[in-house]
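Descriptive analysis of the structure
For reference, the chains in residue letters:
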Amino acid sequence: MIQVKNVTKQYGDFIAIDNISFHIKQGEIVGLLGPNGAGKSTTMNMITGFIEPTKGEISIGGYDITKNPKKAKQQIGYMPEGVPLYNDLTVKEFICYMADLKMVSKTEKKQHVEEVIKQTNLIEVQNKLIKNLSRGYKQRISMAGALVSNPKILILDEPTVGLDPKQITEIRELIKKLGKNHTIILSSHILSEVSQICQKVIIIKEGKIIAIDTPKELENKTNQNKFIKLIIEDTDSKLKEIVKNIKGIQKIDLVKDNEDGTKEYVIQTQGNIDIRKELFAKCAKEQMTIFELKTSEATLEDAFMKLIQTQNKEEDKTCGQS
Ligand code: ADP
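Report on the accompanying structure. (Residues numbered from 1 in each chain as written. Predicted model: local features only at pLDDT ≥ 70, side-chain atom pairs only at ≥ 80, totals over all residues. Heavy atoms only, no water.)

Glancing now at the overall build of the protein. Each helix and strand in the protein was counted, giving 11 helices and 14 strands. Residues counted as buried form 45% of the 322 residues belonging to the protein. Pairs at least 24 residues apart make up 69% of the contacts formed inside the protein by residues separated by at least 6 positions. Total accessible area on the protein is roughly 17300 Å²; 48% of this is exposed by carbon and sulfur atoms. (Helix = DSSP H or I, 4+ residues; strand = E, 2+ residues; numbered from the N terminus. Buried < 20%, exposed > 50% of the residue type's maximum accessible area, 1.4 Å probe, protein only. Contact = heavy atoms within 4.5 Å. Areas by Shrake-Rupley, 256 points an atom, 1.4 Å probe, with all protein chains shown as cover.)

So this is what it looks like as structure tokens:
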């Protein structure tokens, strides 16, 4: 449905997007994830045809966005960041205006406008002025504007920024619902957001793609090792000796040596091995009191941070060698 091939975007000498390629299938909900300034908006603006790539090709439903912009753009509904709306219009007037801009035919306009008002839950405010409505409503109005031409593809730039938790939940539910009939790309710097909504995540950093995966795969890949935090009475520093035969332990680090004789350790283990039972038994046998024993659950957040840090380390190495 969307094919991005070797795309680079330069602003003068600055390379904002550096030779990225990816493919999005029909019906997928894909998250473009990365820290601020990574290049998410630039990528979206190129896909929507607002800015032209310096190099490379983008095709939307088989149409090249540069060579055949009209056909390509017809398939896209775009919700830009920061909900730019006409505040002095009513909700319905704005959506009708968007329908005109997108050249929705007169015969279809009334039905489309009513449909999107229903879809985005705006019935009760459709005749109110936009300026009097909350940010949550404004976000939905912007989404209705993107949807009114019944596009196959929806592109949503930071759709939950500035919303309160209730509004965030509503927008996420709406995106999931829309995902049943649309291909969706959304950008976010919020990791839990993409893991909840998206089937695929494209992680972008400093204009480069550093990973493309499902949220689950991403977690698994970067979570080969688990960590156990152990606080234990270990005045004689015996822990390492007594647990040395437990299978699956890769590393034991003493992170705190307290004056009361307790010590805090971080034990690194292989991903799918849970050593807690055995660890508990060995410590109990030595009559060493355990004050705390817990595994750390790696989240997508960890995965993301790890990926970014790994990338940084590799860059440091390259710099060091040159
Ligand atoms: P994100 O959406 O991930 O926050 P952007 O795509 O907005 O990132 O920006 C990527 C990089 O390109 C940033 O370093 C930004 O400062 C730069 N950039 C974006 N637009 C322009 C522009 N029109 N001129 C120069 N630099 C730009």
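Counted according to the given criterion, the structure contains 16 salt bridges. Residues glutamate 28 and lysine 200 are paired through a salt bridge, measuring 3.4 Å at the closest nitrogen-oxygen approach. Linking glutamate 28 in the loop between strand 2 (14–24) and strand 3 (29–33) with lysine 200 in strand 9 (residues 200–205), this pair joins segments that are 172 residues apart in sequence. Of the two residues examined, glutamate 28 and lysine 200, each falls in the buried class. A salt bridge links lysine 294 to glutamate 292; the shortest N-O distance between them is 3.9 Å. (Salt bridge = Lys/Arg side-chain N within 4 Å of Asp/Glu carboxyl O.)

Bringing the sheet that holds strand 5 (residues 63–64) into the picture now. In any sheet, the strands associate via hydrogen bonds between backbone groups, in a parallel or an antiparallel arrangement. One open sheet holds the four strands; their spatial order is 2-1-4-5, and the pairing between them is antiparallel. Strands with a single pairing partner mark the edges of an open sheet, and in this sheet they are strand 2 and strand 5. Contacts from helix 1 (residues 40–47) reach strand 1 (2–11), strand 2 and strand 4 (55–60) within the one sheet, and its direction differs from that of strand 2 by about 60°. (Pairing = 2+ DSSP bridges. Axes fitted to C-alpha atoms, helices over the stretch in contact; angles between N-to-C directions.)

Turning our attention to the packing of aromatic side chains. What the rule picks out here adds up to three aromatic pairs. Between the aromatic rings of phenylalanine 50 and tyrosine 78, the centroid separation amounts to 5.4 Å while the plane-to-plane angle is 45°, which identifies the pairing as tilted. Highlighted residues: phenylalanine 50 in the loop between helix 1 and strand 4 and tyrosine 78 in strand 6 (residues 76–79), separated in sequence by 28 residues. Relative accessible area serves as the criterion here: at 16%, tyrosine 78 is assigned to the buried category. Considering the side-chain rings of tyrosine 86 and tyrosine 97, the 5.4 Å spacing of their centres and the 90° angle between planes classify their relative orientation as edge-to-face. In this pair, tyrosine 86 sits in the loop between strand 6 and helix 3 (91–101) while tyrosine 97 sits in helix 3, placing the two residues 11 residues apart along the sequence. You can call tyrosine 86 partly exposed: its relative accessible area is 46%. (Phe/Tyr/Trp six-rings, centres within 6.5 Å; stacked < 30°, edge-to-face > 60°.)

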